[in-house]
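Secondary and tertiary structure notes
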Amino acid sequence: MDAVRLIAAGRHALAQSGAAWDIVGEAWQAQALAQGLGGWLAVTGPPELRPEARGLGEAGGRGCGVLDRAALCGEGIAPDHPPRAAQLTGVADVRQTLLGLQALLGEVGIALVGVACATDDEALYWQCIESIDAADESSDRVRALLRRLTVRERGSTSGVA
């Protein structure tokens, strides 16, 4: 499945999540998608983006790691199943993909703030705080990729008269 469609599916799933652990599960899904997209772009993306793409993949992997998989599985949430990112087959439009991923990560952060503010469960609170930090780090990597993409695009048009 194309990355833009996977991101749209993730945004829809996040919007439909009502329970706190569902939102945390969607945060995990978003980080898995960031990891997958980073890896895909590092291997098959434009050469100028590959170093930053590797960084996005690593940040997404760390983001998946901060979530308590045992708690998520205990709540019946997806991490015991393949992540949505496993369906990634390609990236047709790098810019649209990165913009969509940035939006998804922002929405994840906002949703996690809401959960953290509403919970009395200390473990859930700290899961949210760590997940917010991870989403922010992945979002920083996406911004770096977008900047690099803009520089690449400007360079390719500056030689044309």
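Summarised in this report is the structure supplied together with it. (Residues numbered from 1 in each chain as written. Predicted model: local features only at pLDDT ≥ 70, side-chain atom pairs only at ≥ 80, totals over all residues. Heavy atoms only, no water.)

Moving on, we come to the packing of aromatic side chains. For the structure shown, the criterion picks out one aromatic pair. An angle of 85° between the planes, with centres 5.0 Å apart, marks the rings of Tyr-125 and Trp-126 as edge-to-face. (Phe/Tyr/Trp six-rings, centres within 6.5 Å; stacked < 30°, edge-to-face > 60°.)

With that settled, consider the nonpolar core. Core analysis: the largest hydrophobic core is formed by 41 residues, its most contacted members being Leu-37, Leu-98, Leu-101, Leu-104, Val-108 and Leu-112. Looking at this core, the element that brings in the most residues is helix H2 (residues 20–44), giving twelve residues. What Leu-98 contacts, discounting residues up to four positions off in sequence, is Leu-41, Val-142, Leu-145, Leu-146 and Leu-149. (Core = buried A, V, L, I, M, F, W, Y, C linked by side-chain atoms within 4.5 Å. Buried < 20%, exposed > 50% of the residue type's maximum accessible area, 1.4 Å probe, protein only. Helix = DSSP H or I, 4+ residues; strand = E, 2+ residues; numbered from the N terminus. Contact = heavy atoms within 4.5 Å.)

This paragraph deals with the pattern of salt bridges. One side chain can pair with another of opposite charge once the charged atoms of both are near each other. Enumeration over the complete set of coordinates arrives at seven salt bridges. One salt bridge in this structure joins Arg-152 and Glu-48, with 3.0 Å as the shortest N-O distance. Of this pair, Arg-152 sits in helix H6 (residues 122–158) while Glu-48 is found in the loop between H2 and helix H3 (50–66), placing the two residues 104 residues apart along the sequence. Look at Glu-48 and you get partly exposed, because its relative accessible area is 36%. Taking the shortest distance from any N to any O, the salt bridge between Glu-52 and Arg-148 comes out at 2.8 Å. (Salt bridge = Lys/Arg side-chain N within 4 Å of Asp/Glu carboxyl O.)

Now for the packing of helix H1 (residues 3–16) against H2. Two elements in contact, H1 and H2, have axes whose closest approach is 10 Å; the angle formed by their N-to-C orientations is 165°. Taken as axis vectors, H1 and H2 run roughly antiparallel relative to one another. In this structure, H1 meets H2 at a crossing whose hand is left-handed. Contact residues: H1 offers Ala-3, Leu-6, Ile-7, Gly-10, Ala-13 and Leu-14, while H2 offers Ile-23, Glu-26, Leu-33 and Leu-37. Along the lines of polarity and charge, the residues of the contact of H1 with H2 split into eight nonpolar, one polar and one charged. (Axes fitted to C-alpha atoms, helices over the stretch in contact; angles between N-to-C directions. Parallel < 35°, antiparallel > 145°, perpendicular 65-115°, else oblique. Left-handed = near helix turned anticlockwise from the far one by under 90°. Nonpolar A, V, L, I, M, F, W, Y, C, P; charged D, E, K, R; others polar.)

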